Amino acid sequence: MNPSTLIGIVASVLLFAVILFFTAENPALFVDLPSLAVVLVGTLAATFISYPLSEVVRIFGLIGTVLRNERLYTQQDMDELINISRLWMMGDIRAVEEALEKVANPFLKTGVQLVIDRAPQEDIEDLLQWRISRLCAREHAEAQLFRLMASFAPAFGMVGTLIGLVNLMFLLGDGDITSIGQQMALALMTTFYGVLLSNLVFKPVAVKLERRTEQRVVLMNMIMQGVSMMSQRRGPALMRETLNSFMAQYQDEINDRGGRDDDADPATERG
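The shown structure was predicted, so the numbers you read here are calculated from the model rather than taken from an experiment.

Parameters at a glance
Starting afresh in each chain, residues are numbered from 1 along the sequence in its written order. Thresholds applied to this predicted model are a pLDDT of at least 70 for local features of residues and 80 or more for the giving and counting of side-chain atom pairs; totals over whole chains, interfaces and linings are not thresholded and use all residues. Only heavy atoms go into the side-chain values, all of them from the structure, while hydrogens and water stay out. Numbering of helices and strands starts at the N terminus; helices are DSSP runs of H or I of at least 4 residues and strands are runs of E of at least 2. A simple rule labels every residue: compare its accessible area, found with a 1.4 Å probe on the protein chains alone, to the largest value its type can have, and call it buried under 20%, exposed over 50%, or partly exposed in between. Note on contacts: a residue pair is in contact if any heavy atoms of the two residues lie within 4.5 Å. Note on areas: these come from Shrake-Rupley sampling with a 1.4 Å probe, and a residue is covered only by the protein chains present in the view. Note on patches: the residues involved have over 30% relative accessible area and no salt bridge, like charges join within 9 Å, and the nonpolar side chains Val, Leu, Ile, Met, Phe, Trp and Tyr join within 5 Å. Each salt bridge in this description consists of a side-chain nitrogen of Lys or Arg and a carboxyl oxygen of Asp or Glu lying within 4 Å of one another. All tallies of charge rest on Lys and Arg as positive and Asp and Glu as negative; His and the ends of each chain are not included. The atoms used to mark charge sites are NZ of Lys, CZ of Arg, CG of Asp and CD of Glu. Residues belong to a common nonpolar core when they are buried Ala, Val, Leu, Ile, Met, Phe, Trp, Tyr or Cys residues joined through side-chain atoms within 4.5 Å. UniProt positions are given in the numbering used here, feature names are shortened, and annotations may be inferred rather than shown by experiment. Our arc is simply the arc of the directions from the helix axis toward the C-beta atoms. Every helix has an expected span of 1.5 Å times one less than the residues it contains.

Engineer: With reference to specific residues and values, describe the overall build of the chain.
Structural biologist: When you go through the chain residue by residue, the secondary structure sums to ten helices and zero strands. Along the chain direction, N to C, the helices and strands of the chain fall in the order α-α-α-α-α-α-α-α-α-α. Here the chain, with 271 residues, has 37% of them falling under the buried criterion. A fraction of 78% describes how many contacts in the chain between residues 6 or more apart in sequence connect residues 24 or more apart. Approximately 15400 Å² of the chain is accessible, and the part contributed by carbon and sulfur atoms is 62%.

Here it is, written out as structure tokens:
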């Protein structure tokens, strides 16, 4: 599991356990299945209305992506690209093709194959840039799905609150304290669940997916830069220094932007 995700889950569970243990007379009162059902079913229903079925069913797979400790093999890709470039400079096409077969990154493999096929540099860059843009668009839509669910959850929490208050108004004249308490619990707990799911599940997943996309785009841009240099027959030593500088610069930009986003309104962040 992703270490930061695991830390967040454990910290949130411990926080609520401590709060309930010290503040609630009966922690079981915070477990209200009808209230949870109003928020979850309502949020999923609105999401199904908003998105095609093929996109909604990917929700669970995307949550699994966030939970996994997904690695980016940046150094390995860089080493493979420099090694292939060295062979290319030597004019050993067979060795280049054999090294290419061992490459696992399909984006890197496509770029190098285009160089081997003597495609013009501009065409190579255009194709690779198009693939980067397509990845950004696809993964932006995935993150936006969870941002939309984060906006739906509190709204359906309010719907449950209104349902509980309407029922409460009808019960006030009867004076049935038990029924009044049940409806008041429904009114309050739906809002609680809506805010909780929005800010502790849906928004964090969206942010995690966005950060994952940023990191993958940095790697793809690095590969595109290396492939472009290989097409220009630049030396492997120059390529290594250029790619190292390229990665350092982009990582600094991501970290700086990430620091600013922490204080920004989530609605204004990049989707």
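Engineer: Quick one: what's the story with a negative patch on the surface, residue by residue and with numbers?
Structural biologist: A cluster of acidic side chains, namely D92, E97, E98, E101 and D117, defines a negative patch on the protein surface. Within the secondary structure, E97 sits in helix α6 (residues 93–101). Taking relative accessible area as the criterion, E97 reaches 39% and is therefore assigned partly exposed.

Engineer: Go over the environment of G164, please, and point to the residues and values.
Structural biologist: Here G164 lies in helix α8 (residues 121–172). A C-alpha to C-alpha distance of 4.3 Å links G164 and A187, two positions 23 residues apart in sequence. If we skip the residues at most four places from it in the chain, G164 touches Q183, L186 and A187.

Engineer: With reference to specific residues and values, describe a nonpolar patch on the surface.
Structural biologist: Judged by side-chain polarity, L44, F48, L53 and V57 come together as a nonpolar surface patch covering roughly 370 Å² of accessible area. Looking at where V57 falls in the secondary structure, it is placed in the loop between α3 (53–56) and α4 (59–67).

Engineer: Residues and numbers for the pattern of salt bridges, please.
Structural biologist: In total, this model carries six salt bridges according to the counting rule given. A salt bridge links E139 to R216; its shortest N-O distance comes to 2.2 Å. One end of the pair, E139, is in helix α8; the other, R216, is in helix α9 (residues 177–231), with 77 residues separating them in the sequence. Looking at E139, the relative accessible area reads 4%, which means it is buried. Between R147 and E210 there is a salt bridge, with the nearest N and O atoms lying 2.9 Å from each other.

Engineer: Which residues make up the nonpolar core, and what values go with them?
Structural biologist: Of all hydrophobic cores here, the largest spans 35 residues; its most connected members are L81, I84, V112, M222 and M230. When contributions to this core are tallied by element, the ones reaching two or more residues are α5 (74–90), α6, α7 (106–116), α8, α9 and α10 (236–261). At ten residues, the largest contribution of residues to this core is made by α9. Leave out the neighbours within four places in its chain, and M222 touches T74, M78, L243, F246 and M247. Counting residues in hydrophobic clusters, the runner-up holds 19 residues, among them V66, A143, A206 and L209.

Engineer: Please provide a residue-by-residue account of the UniProt feature "transmembrane region" (unreviewed entry) in the chain, values included.
Structural biologist: UniProt records the feature "transmembrane region" (unreviewed entry) for residues 7–24, 36–53, 148–172 and 184–202 in the present numbering. Across residues 148–172, helical content stands at 100% and strand content at 0%; the span's end C-alpha atoms are separated by 37 Å.

Engineer: If you had to explain α4 to someone new, which residues and values would you point to?
Structural biologist: In an α-helix, one turn spans 3.6 residues; hence positions three or four apart end up facing the same way. Those residues of α4 that sit buried are I59, L62, T65 and V66. Projected down its long axis, α4 shows its buried positions confined to an angular sector of 115°, all on one face.

Engineer: Quick one: what's the story with helix α2 (residues 33–50), residue by residue and with numbers?
Structural biologist: For α2, spanning 18 residues, the distance from its first C-alpha to its last is 25 Å, which sits close to the expected 26 Å at 1.5 Å a residue. Where α2 is concerned, the buried positions are S35, V39, G42, T43, A46 and T47. One side of α2 carries all its buried residues, which in axial view fall inside an arc of 130°. Of the exposed residues in α2, those oriented more than 90 degrees away from the buried face are L33, P34, V41 and I49.

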